[in-house]
Amino acid sequence: MKNNIEHLYIHIPFCKEICTYCDFYRTKTKDENIKEKYILKIIDELKDDNNKYKTIYLGGGTPNYLTDEMLDKLLSILSLKLENKYEFTIECNPEFLNSSQAKILKKNKVNRVSLGVQTFNEGILKILKRGHRNIDVYNALKYLKENEINNISIDLIYNLPLLKKDDLYESFDFIKNNDIKHISFYSLEIKEGSILNKSKYKINKDIEEDQLEIIKKEFEKLNFNRYEISNWSISKEYESNHNKAYWDLKDWKSIGVSGYGFENNIYYYNEGNINDWKKVNQNWTKKDIYENIFIMGLRQVVGINLGNERNKEAFEYIKNKLNYDLIQIENNYLKAKNIDLLHNILLDII
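Description of the structure in this document. (Residues numbered from 1 in each chain as written. Predicted model: local features only at pLDDT ≥ 70, side-chain atom pairs only at ≥ 80, totals over all residues. Heavy atoms only, no water.)

Turning next to the sheet that holds strand S7 (residues 152–158). The sheet built from nine strands is open, its strands ordered S9-S10-S8-S7-S6-S5-S4-S1-S11 with mixed pairing. Among the strands making up the open sheet, the edge pair consists of strand S9 (225–228) and strand S11 (253–255). Strand-to-strand twist of the sheet, defined as the mean angle between neighbouring strand axes without regard to direction, takes the value 20°. Bridging between strand S6 (residues 112–118) and S7 involves five bridges; their strand directions are parallel. Paired with leucine 115 across the two strands is isoleucine 154, which belongs to S7. (Pairing = 2+ DSSP bridges. Helix = DSSP H or I, 4+ residues; strand = E, 2+ residues; numbered from the N terminus. Axes fitted to C-alpha atoms, helices over the stretch in contact; angles between N-to-C directions.)

Listed below in structure tokens is the structure:
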């Protein structure tokens, strides 16, 4: 029987190298048999799935580190599970995105690509253990556009080790000159399982704040809209609908090791390894759901729609904890007055 889940996340954990800032579940392997076994397990799980999805997102790891044959096999099955109007996104590392791969993406209805660029300073790319160089980014764009995939997002990171103001300006020159429609520009976080954390690298908060101010001013010059704390787009049409489903705490299904899902008010984690995983309920209470409506919803510039019944219940539950110097209600949306102070707002809630 069909249910009403409209969003699907697939986790592909394979990488050629492990980036120094990353702590997602990932495994470094060149063994195609290991990768194929994993993909076949995902395909097997999809056989019992009767949903039609408005958004599908392949994340990682490095989803396009699969062979053409494996990628085609997986995408062809996923393409059958799309609604008529859909967003089908794959994360890609530029160095693997060649002409034949771009053709496979187009053939299988992928209409949005998120390119992991991070920075255009090639010295810093080496420090991060990124496998691409700037020429790979330009080539990836060329192959995608040749196949009429024009909804291209790029991931960038600021406050990286050795990153200077000139590096930020170089990124904005690239955005301006290459018709990039969407950018996720993240502040570097030192995550527990990352190589940077193990090497005791410390973040300089003053540099982080200075670089964020430059980023905001440069986006303003390009008429980009900031719609979430780390996401900007040239127009609403290019905002990530899949990520907005997370931030609005809509139901989404997750397939693949280490993926998190939320279905029918049950939040779960796919626990295990690349050979075997199972859904483990995270036992969220109503309080957990209400808190996460705020944790995720306040990330968005527009805020939380209080016209939604569940959101209204969450507001009634949490309203006495809120600092009204930092938040406001406007047109029945609860939102941060300054989204850059989100951390302070959430401290009051949790």
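This brings us to the pairing of strand S5 (residues 82–92). In the sheet, strand S4 (residues 53–60) pairs with S5 via five bridges, with the strands oriented parallel. Along S5, the bridge assignment pairs tyrosine 53 with leucine 82. Regarding topology, helix H2 (residues 68–78) serves as the crossover connection from S4 to the parallel S5, and that connection is right-handed. (Right-handed = clockwise from strand over helix to strand, strands pointing away.)

Moving on: the side chain of serine 184. Structurally, the position occupied by serine 184 is in strand S8 (residues 182–187). Of the polar contacts made by the side chain of serine 184, one reaches the side chain of asparagine 231; its length is 2.5 Å. Excluding anything up to four places from it in sequence, serine 184 contacts Ser153, Ile154, Asp155, Leu156, Ser230 and Asn231. (Polar contact = N/O pair within 3.5 Å; in protein donor to acceptor, adjacent residues only side chain to side chain. Contact = heavy atoms within 4.5 Å.)

Before going further, it helps to examine the environment of asparagine 134. Position of asparagine 134 relative to the elements: it lies in helix H5 (residues 134–146). For asparagine 134, a relative accessible area of 14% translates into the label buried. Leaving out residues up to four positions away in the same chain, asparagine 134 has contacts with Thr119, Phe120, Glu122, Leu125 and Glu170. Polar contacts involving the side chain of asparagine 134 include one to the main-chain carbonyl oxygen of phenylalanine 120, which spans 3.0 Å. (Buried < 20%, exposed > 50% of the residue type's maximum accessible area, 1.4 Å probe, protein only.)

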